[in-house]
Amino acid sequence: METVMIKRTQTCPKCGKSHSVMVPFSEYWAWECGAPMEQALKSLTYCELKQIAAKVCPDCQKEILGYQ
Ligand SMILES: [Zn+2]
C-alpha cells in the first residue's frame, strides 16, 4: 500500500520563516485520535517533532539548542 503523506506547514515564531514536515497519514491520524505525539509520530526525528510541537524551524532549533 502506498503511504500517503500529510504536509504540515507552520510559521516559525522566532524568524517568521515558513517550514513544513511530511508526516505519514496513518501516524498523523493516530495523533489526531489522541495518541501521545512521540508515540504516534514514530517515523519523525526529534527535530521534526519539535517543529510540530513548538513550531520552531530547524535552523532556529539549532541556534537555540546550540547543536549542529
Ligand atoms: Zn526560525
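Remember, predicted model here, so these are calculated numbers, not experimental data.

**Overview of the overall build of the protein**
Turning to step 1, where the next piece is worked out: Regarding its fold elements, the protein presents four helices and two strands.
Turning to step 2, where the next piece is worked out: Along the first, second and third principal axes, the C-alpha set of the protein runs to 35 × 20 × 20 Å.
Turning to step 3, where the next piece is worked out: Considering the protein as a whole, with its 68 residues, one finds that 10% of them fall into the buried category.

**Considering the pairing of strand β2 (residues 18-24)**
Turning to step 1, where the next piece is worked out: Where strand β1 (residues 5-11) meets β2, seven bridges bridge the pair, whose relative direction is antiparallel. Its bridge partner being in β2, M5 is matched across the sheet by P24.
Turning to step 2, where the next piece is worked out: In this antiparallel pair of consecutive strands, β1 and β2, the connection spans six residues, and G16 shows a positive phi of 80 degrees.

**Structural notes on unusual backbone geometry**
Turning to step 1, where the next piece is worked out: If you check the backbone angles, K55 has positive phi at about 65 degrees while not being a glycine.
Turning to step 2, where the next piece is worked out: By secondary structure assignment, the location of K55 is in the loop between α3 (46-54) and α4 (58-65).
Turning to step 3, where the next piece is worked out: What makes K55 partly exposed here is the crowd of 14 C-beta atoms within 10 Å.

**Remarks on the environment of I6**
Turning to step 1, where the next piece is worked out: As for its position among the elements, I6 is in strand β1.
Turning to step 2, where the next piece is worked out: Measuring from C-alpha to C-alpha, the distance between I6 and L44 comes to 12 Å, with 38 residues separating the pair along the chain.
Turning to step 3, where the next piece is worked out: Aside from chain neighbours lying at most four places away, what touches I6 is V23, F25 and Y28.

**A closer look at the confidence of the model for the protein**
Turning to step 1, where the next piece is worked out: Mean pLDDT over the protein: 93, with 96% of residues reaching 70 or higher.
Turning to step 2, where the next piece is worked out: Taken element by element, the protein is modelled with least confidence in α4, mean pLDDT 92, and with most confidence in β2, mean pLDDT 97.

How each quantity is defined
- Residues numbered from 1 in each chain as written.
- Predicted model: local features only at pLDDT ≥ 70, side-chain atom pairs only at ≥ 80, totals over all residues.
- Helix = DSSP H or I, 4+ residues; strand = E, 2+ residues; numbered from the N terminus.
- Buried ≥ 20, exposed ≤ 12 C-beta atoms within 10 Å, placed from the backbone.
- Pairing = 2+ DSSP bridges.
- Contact = placed C-beta atoms within 7 Å.
- pLDDT = per-residue confidence, 0-100.

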